Amino acid sequence: MERILVTGGAGFIGANFVRYVIAHSQASIVVVDALTYAGNPESLRGLPADRVQLRIGDITDATLVDELVGEVDAVVHFAAESHNDNSLHDPAPFLNTNIVGTYTLLEAVRRHDVRFHHISTDEVYGDLELDDPARFTETTPYNPSSPYSSTKAASDLLVRAWVRSFGVRATLSNCSNNYGPYQHVEKFIPRQITNILNGERPKLYGSGANVRDWIHVDDHSSAVWEILQRGEVGRTYLIGADGEKNNREVLETILDLLGEDRDAFDSVADRPGHDLRYAIDAGTLRKELGWRPQHQDLAAGLAQTIAWYRENRWWWEPSKRQTEDRYVLQEQAHQLAAAAEGPGR
Ligand code: NAD
Ligand code: DAU
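We now turn to the structure provided with this report.

Reading the values: rules and limits
Residues numbered from 1 in each chain as written. Chains lettered and ligands numbered in written order. Predicted model: local features only at pLDDT ≥ 70, side-chain atom pairs only at ≥ 80, totals over all residues. Heavy atoms only, no water. Helix = DSSP H or I, 4+ residues; strand = E, 2+ residues; numbered from the N terminus. Buried < 20%, exposed > 50% of the residue type's maximum accessible area, 1.4 Å probe, protein only. Contact = heavy atoms within 4.5 Å. Near = heavy atom within 4 Å. Polar contact = N/O pair within 3.5 Å; in protein donor to acceptor, adjacent residues only side chain to side chain. Areas by Shrake-Rupley, 256 points an atom, 1.4 Å probe, with all protein chains shown as cover. Nonpolar A, V, L, I, M, F, W, Y, C, P; charged D, E, K, R; others polar. Axes fitted to C-alpha atoms, helices over the stretch in contact; angles between N-to-C directions. Parallel < 35°, antiparallel > 145°, perpendicular 65-115°, else oblique. Left-handed = near helix turned anticlockwise from the far one by under 90°. Core = buried A, V, L, I, M, F, W, Y, C linked by side-chain atoms within 4.5 Å.

**Thoughts on the environment of Arg212**
In this fold, Arg212 is placed in strand β9 (residues 211-213). Taking relative accessible area as the criterion, Arg212 reaches 6% and is therefore assigned buried. Once residues within four sequence positions are removed from consideration, Arg212 is found in contact with Asn177, Gly243, Glu244, Lys245, Asn247, Arg271, His274, Asp275, Leu276, Arg277 and Tyr278.

Now the structure itself:
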């Protein structure tokens with residue numbers, strides 16, 4: 001593959017993927033990104049200009065998408081509204097970008113017969129009980145909980161339908177929770193790290209018992225790169241690195257690494273409809289494509305991530321105040337809604 005279109009390449013995982021491909025191949029990359037609040041062109045800083053080009057634009061713009069898709073060998077589709085908390089307050093952009101945007105791309109790859117890889121999430125499968133030994137597999141039924149995950153589920157089904165109905169050459173991957181550099185400070189791990197670096201207390205939703213299956217973003221990138229080159233068209237691959245931890249454990253590790261007391265955090269109102277546990281069985285990817293994660297020591301990965309946020313204040317500071325202000329407004333909206341519904345809620 002010589003030329004790849006990466007949608008959402010100024011976002012967290014997209015930018016890390018662009019960096020991965022530049023370091024591990026000869027390919028050149030066109031990034032299309034609308035630069036929403038979550039996109040930051042600085043995440044692509046330092047990459048070779050003759051191999052990485054940023055086109056600012058919206059994936060629901062059919063004319064632009066058609067032009068860009070017509071110039072490449074493959075599309076890797078990361079662009080999305082990605083944050084569950086936001087989807088609970090304003091679902092509209094989630095429907096537009098995640099569903100209409102994916103549809104727009106599918107129509108373009110269909111017209112130009114271009115290879116497509118769709119990036120999705122383990123959240124499409126809903127959640128598992130904390131004490132359930134089961135993990136998600138490629139055959140787990142879809143059962144999304146939030147506006148975010150339901151729009152991602154819808155986009156996955158569109159991709160599957162375009163493969164079957166129109167012969168689009170697509171693969172899909174559903175990955176667990178990523179962490180690493182360039183992640184927006186709204187997300188759990190960078191929010192807590194940057195709170196502590198700013199002398200503010202971390203915020204833990206509810207009891208902190210909810211479990212996420214953490215994977216370093218570079219392991220996600222290497223898996224996607226394998227699937228793009230050697231995956232079987234029409235197939236879904238689950239990506240995970242056996243990294244289950246509850247939120248409280250993750251927060252305590254961050255507090256330890258930053259030299260804070262383990263109880264130096266605020267317990268705040270729980271997320272409505274909060275999924276209990278995600279867990280991925282990535283056996284197929286390991287067996288069929290021989291993929292192996294390289295960063296399975298979460299404490300070591302968190303130490304590296306903390307160092308990155310410490311050294312790159314310039315990258316995250318401009319969005320920190322606005323993000324925390326948004327959380328305050330969301331919390332007030334929850335409280336008003338709860339009061340309006342009365343004590344039986
Ligand atoms: P992110 O929010 O950091 O980045 C999303 C990017 O998409 C941003 O650069 C944003 O500007 C861009 N974008 C949004 N709407 C757009 C539009 N209409 N047109 C063009 N660009 C647009 O998200 P992320 O965490 O990097 O997630 C990337 C993808 O990976 C998403 O599809 C998400 O569902 C999926 N995913 C994320 C995780 C995770 O842990 N973060 C795990 C599994 C899957
Ligand atoms: O599982 C993959 C998904 O992981 C991706 O599809 C999403 O795009 C990505 O945002 C992520 O979703 P989560 O909702 O799991 O991630 P988030 O970082 O928002 O929260 C992780 C856990 O931490 C979750 O149980 C909620 C909790 N949390 C979150 C925040 C922001 C807190 O306890 N405190 C917080 O301040």
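**Examining the site of ligand 2**
Around ligand 2, a shell composed of 25 residues is seen, among which Asp122, Tyr148, Asn177, Arg271 and His274 lie nearest. One of the side-chain nitrogen or oxygen atoms of Glu123 is found 2.9 Å away from an oxygen atom of ligand 2. Here an oxygen atom of ligand 2 and a backbone polar atom of Phe188 are 2.9 Å apart. For ligand 2, whose free accessible area comes to 690 Å², the fraction covered by protein is 95%. Considering only residue class, the shell around ligand 2 consists of seven nonpolar, ten polar and eight charged.

**Here we look at the site of ligand 1**
Within the structure, ligand 1 sits among 28 residues, and Ile13, Asp33, Ser82, Tyr148 and Lys152 are positioned closest to it. A distance of 3.5 Å separates an oxygen atom of ligand 1 from a polar backbone atom of Leu35. Separating an oxygen atom of ligand 1 from a backbone N or O atom of Phe78 is a distance of 2.9 Å. Protein burial of ligand 1: of its 840 Å² of free accessible surface, 96% is covered by the chains. Contributing elements (two or more residues each) for the shell around ligand 1: α1 (12-24), β5 (115-121) and α5 (147-166). The element contributing the most residues to the shell around ligand 1 is β5, with three residues.

**Some points on the packing of helix α6 (residues 188-197) against helix α10 (residues 298-311)**
Between α6 and α10, whose axes approach to 10 Å, the crossing angle comes to 55°. With respect to α10, the element α6 is oriented oblique. Handedness of the crossing formed by α6 with α10: right-handed. Where α6 abuts α10, its residues Ile189, Pro190, Ile193, Thr194 and Leu197 lie against Leu302, Thr305, Ile306, Tyr309 and Arg310. A class-by-class count of the residues in the contact of α6 with α10 yields seven nonpolar, two polar and one charged.

**A short note on the nonpolar core**
The biggest cluster of nonpolar side chains holds 41 residues, and the ones touching the most others in it are Ile4, Phe17, Val18, Val76, Ile239 and Leu285. Only β1 (3-7), α1, β2 (28-33), β4 (74-77), α7 (217-230), β11 (236-239) and α9 (283-289) provide two or more residues apiece to this core. It is α1 that provides the largest number of residues to this core, a total of six residues. Core analysis: the next-biggest nonpolar cluster, separate from the first, contains 24 residues, Leu204, Ile254, Trp308 and Tyr309 among them.

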